[in-house]
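# Summary of structural features
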Amino acid sequence: MSHYLDEVGANPGRSGHRLSIEAARIVYAVREAIANLFSAPDPLRVIFGLNITDGINLALHGLLKSGDHVITSGMEHNAVMRPLNDLLQHGVVFHQVVCEPDGMLDPQKVENAVQPNTRLIVLNQASNVCGTLLPIQEIGQIARRKNLLYLVDTAQSAGVVPIDMETDCIDLLTFTGHKSLYGPMGTGGLIIGGRINPVELHPTRQGGTGSRSEREEQPDFFPDRFECGTPNAVGLAGLLTALEWLQTQGIDKIRAHEKILCTLLLEGLTSIPKLVVYGPQNAEKQTATIGFNIQGMEPSTVGLRLDDGYNILCRVGLHCAPSAHRTLGTFPDGCVRFGLGAFNTQEDIYQAVEAVRTLAKEAT
Amino acid sequence: MSTEFAVILVDSTSHALRIEKLLVKHELTCKLIPVPRHLSSDCGVCVRILKQEMVEIKTLLSEHKIDTQSIEVL
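This structure is a prediction, so every number in the text was calculated from the model and none was measured.

### Regarding the overall build of chain B
- Assigned secondary structure in chain B consists of 2 helices and 4 strands.
- Along the chain direction, N to C, the helices and strands of chain B fall in the order β-α-β-β-α-β.
- What you see for chain B is a C-alpha radius of gyration of 11 Å, in line with the 11 Å of a compact globule of 74 residues.
- Taking the principal axes of its C-alpha atoms as reference, chain B extends roughly 35 × 30 × 15 Å.
- Considering chain B as a whole, with its 74 residues, one finds that 34% of them fall into the buried category.
- When contacts within chain B are restricted to residue pairs at least 6 apart in sequence, those whose partners lie at least 24 apart make up 67%.

As structure tokens, then:
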């Protein structure tokens, strides 16, 4: 990022001078790295936007029309639920398949929900509240068999578990750079699979692309049809470095590390009286994101006490996911969430467990 | 005799970069330049190549199923 700011600084794709081309080279390199990470059919089908929410909005608003039926789950984030609820006003209907109390989803229930007018299945691969991993590939195969399009929100899973657009049968994959890809905020978007033509998807915004400037209509080719205005090139330069780091580490190695930490944290937390832990409570079936509550102490109080007294920073409340909290039985109070990553250590876990144990003793 | 060039016109800078990467990999001479006004009113870039390598490059692009708008001799 400092290289981009100090040495490049130009607008990618907006001129033919060497610094503009160098900026475009950096953005193209990120496109390739993202395409490789998810086995996308073509780097030009990687669409960068404001963030993953922007990518989800492009997919849902760009694709769905009046009369279309959508299937989703009871573990979704508002990044999906709010656009879907908005689309109700435009004649789109959706069905939320009920999940188990630990967030697990039975693929058969998804298949049973398919209607003659079902166009799309949209799922959050890993819960942002309790880490539950949904059976993405199995449901992808159902979507393919039923000739439905399939949108996957990988906000919590990209960089955590291997994702392959081809074998997982994903048509629309949304991603963010700022979570487990370890890049900066404001880097994210949508990958459009090979079964979708550019004209099938309506761009949610129009404007300058640096291409076809003689025309006042939006281009009809990837990626320009969906990318206009100046991109966050400095952020994407940071994401490129992050992806290179991720490749040197290996997702499998990070996943193995996170599984060890997740198991340690689950063992520690479940040993504490008055503690309720949500989700599968099994490192194989979830990411290293753990939701819990101390009975008799509000989540907001727990968060404040952990911050002030123990230097432990976590997110409390509803995590922009009221649906998921209803499924887990934690609506409307929410819960405390610990999210672990590649840089956490076993010592971090021991300290966190002891801090929660101390707070739990004070709860009434 | 001065060097003779051709240019590959493409839809966008991203398309030009994809071609540049392929040509560099195959040790073919290329440079991204602003699109000459007499060829197109586009404000983007195109890929300048050596005229003598044009046939080889056309074959390579075809093998990799890479679409172009056109290839023009300068």
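Back to the text.
### Concerning the overall build of chain A
- Scanning chain A from terminus to terminus reveals 11 helices and 11 strands.
- The C-alpha atoms of chain A give a radius of gyration of 21 Å, which matches the 21 Å a tight globule of 364 residues would have.
- Seen along its three principal axes, the alpha-carbon backbone of chain A occupies a region of about 70 × 55 × 30 Å.
- Put simply, chain A has 364 residues, and 50% of those count as buried.
- Sequence-distant contacts, at least 24 apart, represent 67% of the contacts inside chain A between residues at least 6 apart.

### Section: the interface of chain A and chain B
- Counting residues at the interface gives 17 residues for chain A, matched by 13 residues for chain B.
- Grouping the amino acids of the side of chain A that touches chain B by side-chain chemistry returns 7 nonpolar, 6 polar and 4 charged.

### Things to note about the nonpolar core
- By size, the foremost hydrophobic cluster in this structure holds 125 residues, and its most contacted members are A:L120, A:I121, A:Y150, A:L265, B:C46 and B:V47.
- By residue number, the principal contributor to this core is helix α2 (residues 18-38) of chain A, which donates 10 residues.
- Among the domains, domain 1 (2-249) and domain 2 (251-362) of chain A are the pair contributing at least three residues each to this core.
- Non-local contacts of A:I121, meaning those with residues more than four positions away in its chain, are made with A:I71, A:V110, A:I139, A:A143, A:L148 and A:Y150.

### Points about helix α7 (residues 233-249) of chain A
Residue and element names in this part refer to chain A.
- Here α7 contains 17 residues, and its C-alpha end-to-end distance of 24 Å stays within 8% of the 24 Å for a straight helix at 1.5 Å per residue.
- What α7 keeps buried is the set A233, V234, G235, L236, A237, G238, L239, L240, A242, L243 and L246.
- Residues of α7 that are buried sit in contact with α1 (2-8), α2, β1 (46-49) and α8 (251-270).
- The positive-phi residue at the C-terminal boundary of α7 is G250, with phi of around 90°.

### Quick notes on the sheet that holds β1(A)
Residues and elements named next belong to chain A.
- Strand order across the open sheet formed by 7 strands is β1-β7-β6-β5-β4-β2-β3, with mixed pairing between neighbours. One side of each edge strand has no neighbouring strand; the edge strands of this open sheet are β1 and β3 (93-97). Neighbouring strand axes in the sheet, compared pairwise and without regard to direction, differ in orientation by 20° on average.
- Docked against the sheet, α2 engages β1, β6 (172-176) and β7 (188-192), running at close to 120° with respect to β1.
- Across the sheet, helix α6 (residues 136-145) lies against β4 (118-124) and β5 (149-153), angled at about 175° from β4, the strand it touches most.

### A few points about the packing of α2(A) against helix α1 (residues 13-25) of chain B
- The geometry of α2(A) relative to α1(B) is characterised by a closest axis approach of 10 Å and an angle of 80° between their N-to-C directions. One finds that α2(A) runs roughly perpendicular with respect to α1(B). Here A:A24, A:R25 and A:Y28 of α2(A) lie close against α1(B), whose contacting residues are B:T13, B:S14 and B:L17.
- Grouping the amino acids of the contact of α2(A) with α1(B) by side-chain chemistry returns 3 nonpolar, 2 polar and 1 charged.

### A word on the sheet that holds strand β9 (residues 289-294) of chain A
Residue and element names in this part refer to chain A.
- Across the sheet, 4 strands lie side by side as β8-β9-β11-β10; this open sheet has antiparallel pairing. Every other strand in the sheet has two partners, leaving β8 (275-277) and β10 (315-317) as the edge strands with one partner each. Strand-to-strand, the axes of this sheet are offset by a mean angle of 30°, without reference to chain direction.
- By the bridge criterion, 4 bridges tie β9 to strand β11 (residues 335-339) in an arrangement that is antiparallel. By the bridge assignment, G291 is partnered in β11 with R337.
- Across the sheet, helix α9 (residues 299-310) touches β9, β10 and β11, and the angle it forms with β10 is around 160°.

### Overview of the pairing of β11(A)
All names here are of chain A.
- Most of β11 sits out of view: 4 of its 5 residues are buried.
- As judged from the 3 bridges shared by β10 and β11, these two strands associate in the antiparallel manner. By the bridge assignment for β11, V316 is matched with V336.

### Some words on the environment of A:A237
Residue and element names in this part refer to chain A.
- Along the polypeptide, A237 turns up in helix α7.
- Given 24 C-beta atoms within 10 Å, A237 falls into the buried group.
- Residues A237 and D68, spaced 169 residues apart in sequence, show a C-alpha to C-alpha distance of 38 Å.

### Things to note about the domain arrangement of chain A
All names here are of chain A.
- When cut into domains, chain A gives domain 1 (2-249) and domain 2 (251-362).
- A straight line from the C-alpha centre of domain 1 to that of domain 2 covers 28 Å.
- Looking at the side of domain 1 that touches domain 2, the elements with two or more residues in it are α4 (78-88) and α7.
- For the side of domain 1 that touches domain 2, the class distribution of residues is 13 nonpolar, 14 polar and 2 charged.

### Some thoughts on unusual backbone geometry
Residue and element names in this part refer to chain A.
- Of note, the amide linkage connecting F222 to P223 takes the cis form, showing an omega dihedral of -10°.
- Along the polypeptide, P223 turns up in the loop between β7 and α7.
- The residue after F331, namely P332, is reached through a cis peptide bond having omega 5°.
- Secondary-structure assignment places P332 in the loop between α10 (322-328) and β11.
- Phi is positive for N311, close to 60°, though the residue is something other than glycine.
- Position of N311 relative to the elements: it lies in the loop between α9 and β10.

Cut-off values and rules
Residues numbered from 1 in each chain as written. Chains lettered and ligands numbered in written order. Predicted model: local features only at pLDDT ≥ 70, side-chain atom pairs only at ≥ 80, totals over all residues. Helix = DSSP H or I, 4+ residues; strand = E, 2+ residues; numbered from the N terminus. Rg over C-alpha atoms; globule rule 2.2 N^0.38 Å. Buried ≥ 20, exposed ≤ 12 C-beta atoms within 10 Å, placed from the backbone. Contact = placed C-beta atoms within 7 Å. Nonpolar A, V, L, I, M, F, W, Y, C, P; charged D, E, K, R; others polar. Core = buried A, V, L, I, M, F, W, Y, C linked by C-beta atoms within 7 Å. Domains from an automatic or database assignment. Expected span 1.5 Å × (residues − 1). Pairing = 2+ DSSP bridges. Axes fitted to C-alpha atoms, helices over the stretch in contact; angles between N-to-C directions. Parallel < 35°, antiparallel > 145°, perpendicular 65-115°, else oblique.

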